[in-house]
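Analysis of the macromolecular model
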Amino acid sequence: MREFWIPALSTPMLPADKPVGFTLYGDRLVFWRDAKGEPRCAPDICPHRSAPLSLGRVTNGDVECPYHGWRFGGDGACTHIPTLAAGTKPPARACLTPYPTVERWGFIWVWMGTPALATPDTIPDYSAWVGPGWDGFEDTFDLDIDHGLMVENLLDPSHIPFTHEGTLGKRGDAKPLDLAVEDHPSLPGAFVGLYKNSTVQSAPEQRFRFFPPCVVILDFQLKAGWHFVQLQHCLPVAPGKMRLHYRLQRDWLTSIPGMNLLMTHQSRKIVAQDVAMLAGEQARLDEGFKPWNASVDADRFALRYRAWRARHDRPEHWQGRAVTAVGASVSPDPAPTEAA
Ligand code: FES
Ligand SMILES: [Fe+2]
């Protein structure tokens, strides 16, 4: 689960002058921009006294701890300790271990696996859905739900007539579904599900894409030349906790004032319908029930994800905090010496 790029934040969420904290797989992270404006990420734990760096500030492209003002560069090196006499070196343990970070398609992607395996070519290609000719809006929801339940919900065309009655569908629309799935040609684990809705002429084709570990892209053709593309990021914050961050893109009615606001309002109603269902499902999982007990062909896309997750999810992927920070460790530590 860790050897993948995760779109942790969107570009507007990371200003030039302030660090931002976020948690993935239970690891506290701090993001900031260096002097060139490039995004950087490291454990959100100061190697001096474990204070949260994300409450600090950005000074000349370095993140500065709010507790005693120690500063760290984008490479993790300690660049300044205010109380050190000139010419004195910072302690060897006073450094951060940064995570590889790339800004692309309007998002900040972070790699929480083996740094040597982090090649930006495995970031999913959003070029068909962003840039000139597209308009859209973003929204964020912090939820006490396993992120995989949301991934499965988004990959599930058969819940729409029921869960989304009154917004997206009506129960009378339910019928056998014509579904097909293909592997992505070059990204292992990624796939595209095709749903041909032959009875609704205005919505003939819907594509459900999954990019591991947590991206779902829904590409709904509303009518010829009109695409409604949902870039859905189901971020794995901690066991039983997730952030849903989405950008909903359209290539039609792009310059109508108020359209984004109207669609924001409607999409929040739709998310609330999903959350009511998933929170109830999560409550049952917490009592020991399973996410899948029986399945039918209409569950095909979600099952493909569940099989991928069963192959890749390991308990240790969610417990990385002891190994992420040099000098900031939750393992038993020798007593500090006077000037360690
Ligand atoms: S805890 Fe960060 S500088 Fe002291
Ligand atoms: Fe839904």
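Residues numbered from 1 in each chain as written. Chains lettered and ligands numbered in written order. Predicted model: local features only at pLDDT ≥ 70, side-chain atom pairs only at ≥ 80, totals over all residues. Heavy atoms only, no water.

A closer look at the domain arrangement of the protein
This is how the line gets drawn: What marks off one domain from the next here is an automatic or database domain assignment. The contact definition used throughout considers only heavy atoms, calling two residues in contact when any of these lie within 4.5 Å. Two parts placed together each lose some accessible area under a 1.4 Å probe, and adding up what both lose gives the buried area. One side-chain nitrogen of Lys or Arg within 4 Å of one carboxyl oxygen of Asp or Glu is enough to make a salt bridge. Each polar contact in these results corresponds to two N or O atoms within 3.5 Å; when the atoms are within protein, one needs to be able to donate a hydrogen and the other to accept it, and residues that are neighboring in sequence are counted only if both atoms are side-chain atoms. Secondary structure counts use DSSP, requiring at least four H or I residues in a row for a helix and at least two E residues in a row for a strand, with both numbered from the N terminus. Note that Gly is not counted as nonpolar here; it falls among the polar residues with everything else outside the nonpolar set of Ala, Val, Leu, Ile, Met, Phe, Trp, Tyr, Cys and Pro and the charged set of Asp, Glu, Lys and Arg.
Per the domain assignment, the segments of the protein are domain 1 (5-116) and domain 2 (135-318). Distance between the C-alpha centres of domain 1 and domain 2: 32 Å. Taken together, the contact pairs 14 residues of domain 1 with 17 residues of domain 2. Around 1,200 Å² of area is buried between domain 1 and domain 2 when both sides are counted, 69% of it from carbon and sulfur atoms. Contact with domain 2 buries surface across domain 1, with Phe 22, Tyr 25 and Phe 107 losing the most and accounting together for 46% of the total. Our count for the domain 1 to domain 2 interface comes out at zero salt bridges. In this structure, the connection of domain 1 to domain 2 is made through four residue pairs in polar contact (both at pLDDT 80 or more). Those elements that place two or more of their residues in the side of domain 1 that touches domain 2 are strand 1 (5-10) and strand 2 (20-24). Sorting elements by how many residues they give to the side of domain 1 that touches domain 2 places strand 1 first, with six residues. Class assignment for the residues of the side of domain 1 that touches domain 2 results in eleven nonpolar, three polar and no charged.

What to know about the coordination of the iron ion (ligand 2)
What counts here: Because water is not among the atoms used, a metal site may look incomplete, as its donors are only the N, O and S atoms within 2.8 Å, or 3.2 Å for Na, K and Ca. Each residue is placed in one exposure class: buried if its accessible area under a 1.4 Å probe, protein chains only, is under 20% of its type's maximum, exposed if it is over 50%, and partly exposed if it falls in between.
Around the iron ion (ligand 2), the protein contributes the donor atoms His 159 (NE2), His 164 (NE2), Asp 274 (OD) and Asp 274 (OD), at 2.1 to 2.5 Å from the metal centre. Donor residues for the iron ion (ligand 2) sit on one chain with the sequence pattern H-x4-H-x109-D. Taken as a pair, His 159 in the loop between helix 1 (147-154) and helix 2 (160-163) and Asp 274 in helix 3 (residues 259-286) lie far apart in primary sequence, 115 residues in all. Neither His 159 nor Asp 274 differs from the other in exposure class; each is buried.

Details of the pattern of salt bridges
For the structure shown, the criterion picks out 17 salt bridges. The shortest N-O distance in the salt bridge between Arg 268 and Asp 139 comes to 2.7 Å. Placement of Arg 268 in helix 3 and of Asp 139 in strand 11 (residues 135-143) is noted, with a sequence separation of 129 residues between them. Using a relative accessible area of 44% as the deciding quantity, one classes Arg 268 as partly exposed. You can call Asp 139 buried: its relative accessible area is 8%. The salt bridge partner of Arg 309 is Asp 146, with a shortest N-O separation of 3.0 Å. With Arg 309 in helix 4 (residues 300-312) and Asp 146 in the loop between strand 11 and helix 1, the pair connects residues that are 163 residues apart, well separated along the chain.

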